[in-house]
Amino acid sequence: MEITVNQQLYTIPDGCTVQTLLSDVLGKPAKGLAVAINQTIVSKSLWQTASLSNGDHIMIITATQGG
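Residues numbered from 1 in each chain as written. Predicted model: local features only at pLDDT ≥ 70, side-chain atom pairs only at ≥ 80, totals over all residues. Heavy atoms only, no water.

Moving on to helix 1 (residues 18–25). Burial in helix 1 covers these residues: V18, L21 and L22. Angularly, the buried residues of helix 1 cover 90° about the axis, an arc narrow enough to put them on a single face. Tucked inside the fold, the buried residues of helix 1 contact strand 1 (2–5), strand 3 (33–37) and strand 5 (57–62). (Buried < 20%, exposed > 50% of the residue type's maximum accessible area, 1.4 Å probe, protein only. Helix = DSSP H or I, 4+ residues; strand = E, 2+ residues; numbered from the N terminus. Arc of directions from axis to C-beta. Contact = heavy atoms within 4.5 Å.)

Structure below.
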């Protein structure tokens, strides 16, 4: 299935969760990230069970330190 992550198209396996997307597909550590699916924030506690669907739009925001 195809999803869009931060305006880039990705092909992922059916049944992929947010956690699988971050770790296996994108190789991102979970620390300091916020994730929204179709403009709805997904709590980090739900990442392991939140399944993605074909056509979903995912936004991943990385926390940064400012000065």
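Pairing geometry for strand 1 and strand 2 (residues 8–11), over 4 bridges, is antiparallel. The partner of I3 across the bridge, within strand 2, is Y10. Connecting the antiparallel pair strand 1 and strand 2 is a turn made up of 2 residues, with N6 showing a positive phi of about 45°. Sheet topology places strand 1 next to strand 5; 2 bridges connect them, and they run parallel. If you follow T4 over to strand 5, its bridge partner there is H57. (Pairing = 2+ DSSP bridges.)

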